[in-house]
Amino acid sequence: MPIRQVTPDDKLRIWRNFQIGKLLDLTMLDTRQYDRDITDVGYNTVVDSLKDEEGRSLMGAEQEAWFYDTLSESKNRQAIWRIVGQQIVFSQLLLGGSVVDFDAWDGYRKNRARVFDQISNNGISNTIILAGDSHANWVSDLARPNDTSYNELTGDGAFGVEFGGTAVTSASSFGTDISPTSADVISRLFVTDNAELQWSEGSFRGFFTITVDPHTLNATFYGMNDICKYIPPYNQANANLDHLEIANFVVKAGENKLSRPVAGGAVTAGIIKAALNTSSTTIATSASAVGTSASTVHSDTSSDISTSIPTSTAKSDEKFRN
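Computed from a prediction, not measured in an experiment: that's the story for all the values here.

**Q** An account of the packing of aromatic side chains is needed here, citing residue identities and associated values.
**A** In the structure shown here, the tally under the stated rule is 17 aromatic pairs. On the basis of an interplanar angle of 85° and a centroid distance of 5.0 Å, the ring pair of W138 and F190 is categorised as edge-to-face. In this pair, W138 is assigned in strand β7 (residues 137-142) and F190 in helix α4 (residues 180-193), connecting sequence segments 52 residues apart. For W138, a relative accessible area of 3% corresponds to the buried category. What makes F190 buried here is its relative accessible area of 0%. Ring centres of F163 and F208 lie 6.4 Å apart, and the angle between their planes is 45°; this geometry places the pair in the tilted category. Taken together, the residues span a long stretch of sequence, with F163 in strand β8 (residues 160-164) and F208 in strand β10 (residues 206-212) at a distance of 45 residues. According to the relative accessible area criterion, F163 is buried, its value standing at 0%. Cluster of aromatic residues (ring-pair linked, three or more members): F163, W199, F208, F221 and F249.

Pasting the structure below:
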């Protein structure tokens, strides 16, 4: 999407900030291209050995320093919310104890830790991170990975919230044309293995909207019933509106976590953490527990998570592109 040039002397810069009165700052980052240290794009798996390097940066030194200054300036000017738009999943995502995508923030762990340090050391509240790229839906409390002070049931110990949206039309990273039932098997594994992850959904293509006021932020996720529905000629009257609301989340100003019960205690699609304790079925905690061998859905681009999933839930071992 074309944007206005940010500075006259840097044509590659797209990172910028929008101040919306005292209500919020919308901070847009470039976590894809700008001065980014080497990433894993499906063949250079050396990144696994680099993920914990201290100096490794996802944004480059200039953008990273600017981001921290922008967060602090937003607090100092008494903006209520800090909404950070960027391209990839921020929270840790493990499956069976292993990282599933080194092309996300999991491949830049020290950089992620520095973001948490900036937020926690400076008392910056009401931070919301937006993510995409993984072709699946994720909602997490923002908490340091493996931090025992974070309580996944109450949300205490979190620093904010992350909302990750799926693709509009591109195939799910859980499997092309995967059914909601099969996707939920994988989502249950993710929600079980990741304390911060409060909701996962991998079948529907769709989008989410956010509404903000001084007291509450509301995120509503929608799934499209049919992404191919088209009635020519194209115009507003013939737009594809065949969608349903699949989950709704609330964040209250000052709480720095998802309001409990998460999603009001129920979702139309996907798995919320509360379901792990209320489901009458046996909870699968690893791919082997499902009773099938594991195969890999992977990508030779930077657009999808690489994850081991039960073979019964994926149509094929396939490469997806945007």
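**Q** Which residues make up α4, and what are the values?
**A** For α4, spanning 14 residues, the distance from its first C-alpha to its last is 20 Å, which sits close to the expected 20 Å at 1.5 Å a residue. Among all positions in α4, only S182, A183, I186, S187, R188, L189, F190 and V191 are buried.

**Q** Please set out the nonpolar core residue by residue, giving values where relevant.
**A** Within the largest apolar cluster, 61 residues are counted, with the highest numbers of intra-cluster contacts made by F67, I128, F163, F190, F221 and F249. Among the elements that take part in this core, α4 stands out by supplying 5 residues, more than any other.

Analysis parameters
Residues numbered from 1 in each chain as written. Predicted model: local features only at pLDDT ≥ 70, side-chain atom pairs only at ≥ 80, totals over all residues. Heavy atoms only, no water. Phe/Tyr/Trp six-rings, centres within 6.5 Å; stacked < 30°, edge-to-face > 60°. Helix = DSSP H or I, 4+ residues; strand = E, 2+ residues; numbered from the N terminus. Buried < 20%, exposed > 50% of the residue type's maximum accessible area, 1.4 Å probe, protein only. Expected span 1.5 Å × (residues − 1). Core = buried A, V, L, I, M, F, W, Y, C linked by side-chain atoms within 4.5 Å.

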